[in-house]
Amino acid sequence: MEQESITIGPAAAKTTENTCYHCGETCREETINADEHSFCCEGCYHVYDLLKVTELCDYYNIDGSAGISPDKSFFKGKFDYLDLPDVHAKMLEFTDGHLSQVSWYIPKMHCSSCIWLLEQLYKFNPGIRSSVVNFPEKKVRITFEAGNVKLSALATLISSIGYEPYISLNDIAGEQVKKWNRKRLYKIGVAGFCFGNVMMLSFPEYFHLGKDAFDESLRATFGWLNLALAIPVLLYCGSDFFKSAWAALKGKYLNIDAPIVIALVSIFSLSLYQIVSGTGPGYFDSLTGAVFFMLTGRFFQDKTYAGISFDHDYKSYFPVAVSVLTGKAEIRTPVTDLNAGDMILVRNAELIPADSVLLSPEALIDYSFVSGEAEPVRRKKGDTIYAGGKQTGPAIELEIMRKVSQSYLTQLWNNESFTKQKEDQNQMLAARINRYFSVIVLIIASVTFAAWYFIFKNPETAFRAFTTCLLVACPCGLLFSSTFTNGNLMALFGKNQCYPKNADAIERLSKIDTIVFDKTGTITRPEDAEVAFIGTKMTDQQMSMVKKLATQSAHPLSRLIVKGLAEVHTEQQNISEYKEASGSGIEGSFGNHTIKLGSADWVGEQKIENDHRFSRVYVSIDGVCSGYFMVSIKYRKNLSQTIEKLRDHGFKTYLLSGDKPTDQDYLAQVFGTYAHLYFKQKPEDKLAFIAALQQKKHRNVLMVGDGLNDAGALQQSNVGVAVSDDINNFTPSCDMIIDGKQLSRLPAFINLARRGQHIIKASFGISLIYNIGGLFFAIGGQLSPVLAAILMPVSLISIVGFTTIASNLAANRILKN
């Protein structure tokens with residue numbers, strides 16, 4: 001056989017310039033021509049036809065519009081379960097019996113043309129009154145006539161134009177997490193309104209205007225108005241500080257909110273006394289301003305990414321319903337109603353919801369998301385199929401062994417790691433500094449009070465000095481240093497496609513000394529491989545027949561070959577006598593030619609020693625072996641440099657994989673001398689490994705993973721980072737989500753988190769300078785309302801300015817390198 005190496009790609013294959021009029025992709029299969037347009041598949045043509053009938057073809061005139069093909073896993077009756085009374089009632093956001101409202105998550109929504117089309121749903125069905133898109137959260141809220149439109153019909157309509165809603169068990173369990181704290185927004189609004197008005201009413205005091213009787217009367221009136229404005233700020237807007245301080249006191253520790261509450265109460269009490277006694281204007285401007293700025297800072301820090309969820313459990317991945325077979329009938333039934341002994345039908349790419357026994361002769365199960373095993377496993381009739389796997393190929397029948405809540409997969413969530421909270425506000429840098437800072441301030445204020453009261457015999461000045469000491473040295477500066485630095489870092493991380501769950505995750509990231517990587521999907525590129533053909537050069541027609549044959553099989557290697565032959569145009573040609581032999585290969589005839597794809601034995605070639613670095617798929621044409629396709633896993637870009645950089649910075653690195661020890665030699669080179677590589681690790685093994693590193697070696701562990709098989713390890717680790725090639729896809733519960741393309745910047749993100757801690761300390765130093773200056777006047781009983789009103793905002797604005805500039809400069813320098 002003449003040996004020739006050919007890398008599959010545009011240069012080796014005949015290409016075509018046909019692009020689909022609907023989705024814009026290259027027409028790789030049989031092209032459908034209609035209305036002088038080309039379409040790559042029936043699905044795209046169907047959507048076009050639907051838009052044409054409803055006179056919505058303006059969709060194609062929107063700049064950058066690219067339609068979406070309907071999901072190939074969709075089948076008639078898929079959403080019938082939505083009409084079941086229990087499910088129907090839980091799905092609706094609102095109904096008055098005539099009009100109903102539902103809100104669905106649409107993962108495929110990605111551009112302005114998607115918004116335009118989804119907001120035109122009323123043109124498809126007159127029973128739909130309106131549809132409004134929330135693009136950041138990828139949700140569409142639809143209002144429809146309950147009597148004229150079924151919920152299942154609504155879901156089917158959206159699916160038919162390419163936007164299948166994602167509906168999971170959590171949607172009907174009523175456990176969605178509220179992502180937007182409206183109460184805090186209201187409090188910021190009230191505090192801001194009151195602060196502005198108090199400042200305005202205090203102007204006569206600032207400028208010492210008016211000393212006659214009328215002005216004195218006006219000044220007194222303004223004082224009472226300021227008191228009225230300060231009461232809701234203290235009791236309503238500041239209520240979170242009171243609750244937090246009380247919770248800390250009950251826990252017998254002093255958090256940062258306790259001294260803040262003491263300061264707020266003292267300032268309010270002194271101001272109240274001055275207004276009632278007519279001895280002064282009080283410090284209401286400082287009080288309302290402090291509450292307003294602190295609330296704003298906390299909102300800025302707590303602001304998370306609306307479209308991203310960090311707290312997925314197994315219910316987020318499970319389908320709502322599955323097809324239950326009763327005799328010859330097929331009924332869509334909620335998975336929560338499944339019982340042992342039920343017979344179910346699972347189609348291609350559908351997730352198996354409960355541990356079951358296979359009734360069909362054969363199945364090809366993809367466990368990659370559960371176990372990390374990259375290659376699907378073949379199962380025969382009578383074998384146990386575990387929940388979480390996905391069928392690859394024709395539909396299979398299964399008999400349920402255990403209910404969903406008792407399945408192997410759900411047992412992982414019973415581990416105590418999933419019940420403990422990583423976030424401990426008491427361990428954050430600001431809280432640790434506050435333990436000493438607040439005590440020192442309280443001592444200074446108390447000594448000042450004692451000196452004025454007992455030595456100088458001046459009770460009024462004693463109370464004023466005590467209060468103003470707490471006012472100027474209030475730890476809100478410390479709070480600001482932390483909240484604005486971390487808030488700004490979260491924004492910078494997000495800008496670079498790394499999304500921390502909260503500020504605590506950034507602080508924990510700064511303490512990491514050990515990093516553990518998962519393999520499949522984490523450091524490898526899912527659904528991607530290098531495919532090269534080694535052998536005698538095939539003609540365009542032969543290449544076309546090979547691709548056509550490979551498209552008939554659902555085997556992963558066949559799918560990768562089809563993907564590798566993306567630019568090969570398959571002509572209209574009928575395949576006959578197709579057959580697939582389990583574990584061997586596939587065969588088909590094209591007129592007088594017979595093509596075989598599969599193992600060496602299958603095509604009659606002498607067996608060659610296995611090489612774990614890649615898989616071989618042999619090709620024979622009319623009984624003559626032409627060569628083989630070499631399929632090898634692709635690793636993420638710059639993986640070697642990333643690991644090397646981490647090692648150079650002193651991090652211990654490990655690899656935990658549920659996969660077989662493929663590419664062990666390559667990975668040993670990547671992870672360096674004395675590489676710690678562990679294969680065939682079950683989810684519980686990974687969790688135990690992380691726990692052992694923490695408890696026996698006292699390491700701060702960062703776990704980098706992607707699938708359900710990593711969920712326990714991500715939760716057990718000090719920081720769990722989920723890698724995703726689409727951040728809006730579903731990822732396990734974690735502390736941080738990073739775009740797959742940004743994994744090579746992991747060392748830079750850790751470095752930036754560490755730099756953030758230095759910035760917090762430096763900004764607190766700036767705050768301390770203001771505090772010391774203010775204390776000088778406060779101890780002497782000379783801190784006037786005007787000076788307090790100036791010091792407070794100037795101090796806070798300085799901190800905000802410094803943290804913003806410093807963190808941006810640090811990010812520019814670190815992330816660019």
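Everything quoted here is computed from the prediction, not taken from an experiment.

Engineer: Help me understand a nonpolar patch on the surface in this model?
Structural biologist: Residues Tyr453, Phe454, Ile455, Phe456 and Phe463 make up a contiguous nonpolar surface patch of roughly 580 Å² in combined accessible area. Considering each element in turn, the nonpolar patch owes the most residues, 3 residues, to helix H15 (residues 429-455). Checked against the element boundaries, Tyr453 lands in helix H15. For Tyr453, a relative accessible area of 33% puts it in the partly exposed group.

Engineer: Help me understand the environment of Tyr678 in this model?
Structural biologist: Within the secondary structure, Tyr678 is located in strand S26 (residues 676-678). Its relative accessible area of 32% is what places Tyr678 among the partly exposed residues. If near-sequence neighbours (up to four positions away) are discounted, Tyr678 is found in contact with Tyr654, Leu655, Leu656, Ser657 and Phe689.

Engineer: Mind showing me how you'd approach unusual backbone geometry here?
Structural biologist: For residues other than glycine, phi is negative in most cases, and the peptide bonds are mostly trans. With a phi angle near 65 degrees, Asn638 is a residue other than glycine that sits in the positive phi range. Secondary-structure assignment places Asn638 in the loop between strand S24 (624-635) and helix H22 (639-648). Taking the relative accessible area as the measure of exposure, Asn638 reaches 35% and is therefore partly exposed. The phi dihedral of His698 is positive, around 55 degrees, even though this residue is not glycine.

Engineer: Just checking my understanding: could you explain the packing of aromatic side chains for this structure?
Structural biologist: Each aromatic ring pair is described using two quantities: the centre-to-centre distance and the angle formed by the ring planes. Overall, the coordinates contain 19 aromatic pairs when judged by the stated rule. Relative to Phe284, the ring of Phe268 has its centre 6.0 Å away and its plane inclined at 65 degrees; by these criteria the two rings are edge-to-face. Here the residue Phe268 occupies a position in helix H10 (residues 257-277), and Phe284 occupies one in helix H11 (residues 284-302), the gap between them amounting to 16 residues. The exposure classification of Phe268 matches that of Phe284, with both residues buried. Counting every residue linked through ring pairs, the aromatic cluster contains Phe449, Tyr453, Phe454, Phe463 and Phe466. The lysine or arginine in question, Lys187, covers the ring of Tyr236, its NZ or CZ lying 5.5 Å from the ring centre. Above the plane of the ring of Trp602 lies Lys596, whose end atom (NZ or CZ) is 5.0 Å from the centre.

Engineer: Looking at this structure, I do not really get the confidence of the model for the protein. What am I missing?
Structural biologist: Reading predicted coordinates in detail is not appropriate for stretches of low pLDDT. Of the residues in the protein, 82% reach a pLDDT of 70 or more, and the chain-wide mean stands at 79. Of all the helices and strands in the protein, strand S1 (residues 5-7) carries the lowest mean pLDDT, 45, while strand S18 (residues 514-517) carries the highest, 94. The low-confidence segment residues 1-16, where pLDDT is below 50, has 41 contacts with residues more than four positions distant or belonging to other chains.

Engineer: I tried to follow the UniProt feature "transmembrane region" (unreviewed entry) in the protein on my own but got confused; where do I start?
Structural biologist: Under the local residue numbering, the UniProt record ascribes the feature "transmembrane region" (unreviewed entry) to residues 185-203, 223-242, 254-276, 282-300, 436-455, 759-780 and 786-811. Annotated as residues 223-242, this span is 95% helix and 0% strand, and its ends, taken at the C-alpha atoms, are 25 Å apart. Taken end to end, residues 759-780 comprises 95% helix and 0% strand; its first and last C-alpha atoms sit 32 Å apart.

Definitions and limits used
Residues take numbers from 1 onward in each chain, read along the sequence in its written order. At least 70 in pLDDT is required for a residue's local features to be given in this predicted model, at least 80 for side-chain atom pairs to be given and counted, and no such filter applies to totals for whole chains, interfaces and linings, which use all residues. Excluding hydrogens and water, the side-chain figures rest on all heavy atoms present in the structure. Only residues above 30% relative accessible area that lack a salt bridge enter a patch, with like-charged residues linked at up to 9 Å and the nonpolar side chains Val, Leu, Ile, Met, Phe, Trp and Tyr linked at up to 5 Å. Surface exposure here means Shrake-Rupley accessible area, sampled with a 1.4 Å probe, where a residue is shielded only by the protein chains that are shown. Salt bridge, as applied in this entry: a Lys or Arg side-chain nitrogen positioned within 4 Å of an Asp or Glu carboxyl oxygen. Helix and strand definitions here come from DSSP, where helices need a minimum of 4 consecutive H or I residues and strands a minimum of 2 consecutive E residues; each element is numbered from the N-terminal end. In this scheme, a residue with accessible area under 20% of its type's maximum is buried, one over 50% is exposed, and one in between is partly exposed, where area comes from a 1.4 Å probe on protein chains only. When checking whether two residues touch, look at their non-hydrogen atoms; a contact exists if any pair is within 4.5 Å. Under the pairing criterion, centres of Phe, Tyr and Trp rings, with the six-membered ring standing for Trp, must be within 6.5 Å; the plane angle then separates stacked pairs below 30 degrees from edge-to-face pairs above 60, leaving the rest tilted. Comment: the charge-over-ring label is applied if NZ (Lys) or CZ (Arg) is within 6 Å of the ring centre and within 35 degrees of the ring normal. On a range of 0 to 100, pLDDT expresses the predictor's confidence in each residue. UniProt positions are given in the numbering used here, feature names are shortened, and annotations may be inferred rather than shown by experiment.

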